[in-house]
Amino acid sequence: MTDIQSAALGAPSSSAAESAPKISFVSLGCPKALVDSERIVTHLRSEGYEIASKHDGADVVIVNTCGFLDSAKAESLQAIGQAMKENGRVIVTGCMGAEPEQIREAFPDVLAITGPQAYESVMTAVHEAVPPRHDPFVDLVPPQGVKLTPRHYAYLKISEGCNNRCTFCIIPKLRGDLVSRPVVDVLREAERLVKAGVKELLVISQDTSAYGLDLKYQTGIWKDREVRARFFDLAEALGEMGVWVRMHYVYPYPHVDEVIGLMAEGKVLPYLDIPFQHAAPPVLKAMRRPAHQEKTLERIHRWREICPDLAVRSTFIVGFPGETEEDFEYLLQWLTEAKLERVGCFKYEPVAGATANDLGLPAVPPEVQERRWHRFMAHQQAISARLLQRRVGKRIPVIVDETQGTVAKGRSKWDAPEIDGTVHIASRRPIRAGEIVTVKVDRADAYDLYGTVV
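Residues numbered from 1 in each chain as written. Predicted model: local features only at pLDDT ≥ 70, side-chain atom pairs only at ≥ 80, totals over all residues. Heavy atoms only, no water.

Draft legend 1. Geometry of the overall build of the protein. Tallying secondary structure elements over the protein gives 14 helices and 21 strands in all. For 454 residues, the compact-globule estimate of 2.2 N^0.38 gives 22 Å, and the protein sits close to it at 23 Å. Each principal axis of the C-alpha atoms in the protein carries an extent, and together these give about 60 × 60 × 45 Å. Per-residue burial for the protein yields a buried fraction of 56% across its 454 residues. For the protein, long-range pairs separated by at least 24 residues make up 74% of all intrachain contacts whose partners lie at least 6 apart in sequence. If you sum the accessible surface of the protein, you get close to 19,800 Å²; carbon and sulfur atoms cover 52% of it. On the protein, the mean spot of the 55 positive side-chain charges and the mean spot of the 60 negative ones are 5 Å from each other. (Helix = DSSP H or I, 4+ residues; strand = E, 2+ residues; numbered from the N terminus. Rg over C-alpha atoms; globule rule 2.2 N^0.38 Å. Buried < 20%, exposed > 50% of the residue type's maximum accessible area, 1.4 Å probe, protein only. Contact = heavy atoms within 4.5 Å. Areas by Shrake-Rupley, 256 points an atom, 1.4 Å probe, with all protein chains shown as cover. Lys, Arg positive; Asp, Glu negative; His and termini not counted. Charge placed at Lys NZ, Arg CZ, Asp CG, Glu CD.)

Quick look at the structure:
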């Protein structure tokens, strides 16, 4: 959970702070939801609202919820309850707001409930609760908008919604079908971010490789040339901006092969975040995963022939209904052959409204899920440790995230913030967050690298 602090957004003068309406904000969920929060906060700041650091004393609290899993819904309800207790004037938005009955049942006195991406509805609710007092000489918003990430990296959301119908997922019900942003709009936002000092763009959506499908890959004019609203064309244009470009939530469709060439040329980071979810054909079929029929291992091997430096990260689900011991062993063997650099694993959790609940497949007992999860993590840990040992003795570029004098933490080209490993850095000179430094790797463990600035 992210409590958005006023200090991070730039506080106005003391006289303005006394009169400006104050909004406390809680952002839950994935990076895509964080981008939604950034847009709402940007709207608020542009209208003169101040972002409060505490619920107590704020005029209104906004809670941007996550509704993907029951555990996420529970966290959202807990955040709403805390806001109601500490303040009492609460506006709820986000994925859980798409099905408001559970929220209303638990908290009938919330001021308003809106669904995901409903920026105008959120602002309408805020205006009704506490009208803005705008001062154009004080309430300045930077051209890139208000970002809730550190200054040196930013999430770039290229589309909303999803056309896939995975049986365990309700995202299309919450966020609708794929709606891609026009390519020029995306590139303009990226350019504004780079001009504001962003060194790393993290491209996100529900299905990044499907970008532009709904637009029929229409073209736009960018820098006196035509650019199509297509995954490759967008990646190529972003790769010309002189910053790190990292691709998330990519499905292994055949046309992804083209982007691997950009990675080999150094235009895009050699990193792909692909949510494989499983490897056993019966489980993938039950999950109704897109591209499940593709020969994924062959594709990964071919990618690495094109770009030997490529790192692939993924997430998997163990204990999906009907998963047998044979299916699970197949998954472990697949991991051995795939040699993925970064991997996360979740125990299957039923989601209300998901079609997986109606497949008629036997549930995997919780104790079996638990054992399989531990076996999965131990298996992958050994693979990750071996792969990271290859970096020892090498000199690699590292983007610095946190510093404390001559000691710092950062990330390599093969690590995304929050979800992947860390490079622990020692330096003879002070270094700043946002710098990209060359680090000689001295040692590695199962997840992290340790090295010295050279």
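Draft legend 2. Geometry of the pairing of strand E15 (residues 311-318). Burial runs high along E15: 8 of the 8 residues are buried. Of the two faces of E15, the one carrying Ala311, Arg313, Thr315 and Ile317 and the one carrying Val312, Ser314, Phe316 and Val318 are both buried. Pairing between E15 and strand E16 (residues 342-347): 6 bridges, direction parallel. When the sheet's bridge partners are listed, Ser314 is paired in E16 with Val343. For the crossover from E15 across helix H13 (residues 325-338) to E16, the handedness is right-handed. (Pairing = 2+ DSSP bridges. Right-handed = clockwise from strand over helix to strand, strands pointing away.)

Draft legend 3. Looking closely at the nonpolar core. Ranked by internal contacts, the top residues of the largest apolar core, which has 60 residues, are Leu238, Leu272, Trp334, Leu340 and Phe376. Among all residues touching Trp334, those that are not within four sequence positions of it are Phe276, Ala279, Thr296, Leu297, Ile300, Phe316 and Leu340. The next biggest cluster of nonpolar side chains, apart from the first, holds 17 residues, and it includes Val41, Ile62, Ala125 and Val126. (Core = buried A, V, L, I, M, F, W, Y, C linked by side-chain atoms within 4.5 Å.)

Draft legend 4. Quick look at the environment of Thr208. Position of Thr208 relative to the elements: it lies in the loop between strand E10 (200-204) and strand E11 (219-222). Apart from the residues within four sequence positions on either side, Thr208 is in contact with Ile158, Val203, Phe231, His248, Tyr249 and Val250. Side-chain polar atoms of Thr208 contact the side chain of Ser205, separated by 2.9 Å. (Polar contact = N/O pair within 3.5 Å; in protein donor to acceptor, adjacent residues only side chain to side chain.)

Draft legend 5. Just the pattern of salt bridges, in detail. By the definition in use, this model includes 30 salt bridges. The partner of Lys157 in a salt bridge is Asp36, with the nearest N and O atoms 2.6 Å apart. Taken together, the positions of Lys157 in strand E7 (residues 153-157) and Asp36 in helix H3 (residues 31-46) put the pair 121 residues apart, joining distant regions of the chain. Comparing Lys157 with Asp36, the two get one shared label, buried. Between Glu329 and Arg375 there is a salt bridge; the shortest N-O distance is 2.6 Å. Highlighted residues: Glu329 in helix H13 and Arg375 in helix H14 (residues 366-389), separated in sequence by 46 residues. By relative accessible area, Glu329 is classed as partly exposed at 38%. Accessibility expressed as a relative area gives 32% for Arg375, which makes it partly exposed. (Salt bridge = Lys/Arg side-chain N within 4 Å of Asp/Glu carboxyl O.)

Draft legend 6. Spatial organisation of the packing of aromatic side chains. If you walk through the whole model with that rule in mind, you get 7 aromatic pairs. Among the aromatic side chains, those forming a connected cluster through ring pairs are Phe276, Phe316, Trp334 and Phe376. Seen from the ring of Tyr271, Arg246 lies directly overhead, with NZ or CZ sitting 4.6 Å from the centre. (Phe/Tyr/Trp six-rings, centres within 6.5 Å; stacked < 30°, edge-to-face > 60°. Lys NZ or Arg CZ within 6 Å of the ring centre and 35° of its normal.)

Draft legend 7. Region of the structure containing helix H12 (residues 296-306). For H12, every residue scored as buried is listed here: Thr296, Leu297, Arg299, Ile300, Trp303 and Arg304. End-on view of H12: buried residues confined to an arc of 160°, all on one side of the axis. Tucked into the core, H12 has its buried residues touching helix H10 (256-264), strand E14 (271-273), E15 and H13. (Arc of directions from axis to C-beta.)

Draft legend 8. A look at the side chain of Thr167. Within the secondary structure layout, Thr167 lies in the loop between strand E8 (159-160) and helix H7 (171-175). Residues contacting Thr167, with those up to four places away along its chain left out, are Ala286, Met287, Arg288, Phe320, Ala354, Thr355, Ala356 and Leu359.

Draft legend 9. Quick look at the sheet that holds strand E19 (residues 423-426). Spatially, E17-E18-E19-E21-E20 is the arrangement adopted by the 5 strands of the closed barrel, whose pairing is mixed. Averaged over all pairs of adjacent strands, the angle between strand axes in this sheet comes to 50°, irrespective of strand direction. Of the strand pairs in this sheet, strand E18 (residues 407-412) and E19 are connected by 4 bridges, and their pairing is antiparallel. Opposite Ala408, over in E19, you have Ile425 as the bridge partner. (Axes fitted to C-alpha atoms, helices over the stretch in contact; angles between N-to-C directions.)

Draft legend 10. Structural detail: helix H4 (residues 70-86). With 17 residues, H4 extends 24 Å between its outermost C-alpha atoms, agreeing within 8% with the 24 Å of an ideal straight helix rising 1.5 Å per residue. Those residues of H4 not exposed but buried are Ala72, Lys73, Ser76, Leu77, Ala79, Ile80, Gly81, Ala83 and Met84. The secondary structure elements touched by the buried residues of H4 are strand E2 (22-27), strand E4 (60-65), strand E5 (90-94) and helix H5 (101-106). (Expected span 1.5 Å × (residues − 1).)

Draft legend 11. The packing of H12 against H13, seen in detail. As a packed pair, H12 and H13 sit with axes 10 Å apart at the nearest point and diverge in direction by 15°. One way to sum up the angle between H12 and H13 is to call them roughly parallel. Read as a crossing pair, H12 and H13 show a hand that is right-handed. Of the residues in H13, those touching H12 at Thr296, Leu297, Ile300, His301 and Arg304 are Trp334, Glu337 and Ala338. A per-class count over the contact of H12 with H13 returns 4 nonpolar, 2 polar and 2 charged. (Parallel < 35°, antiparallel > 145°, perpendicular 65-115°, else oblique. Left-handed = near helix turned anticlockwise from the far one by under 90°. Nonpolar A, V, L, I, M, F, W, Y, C, P; charged D, E, K, R; others polar.)

Such coordinate-based values are descriptive only and should not be taken to indicate function.
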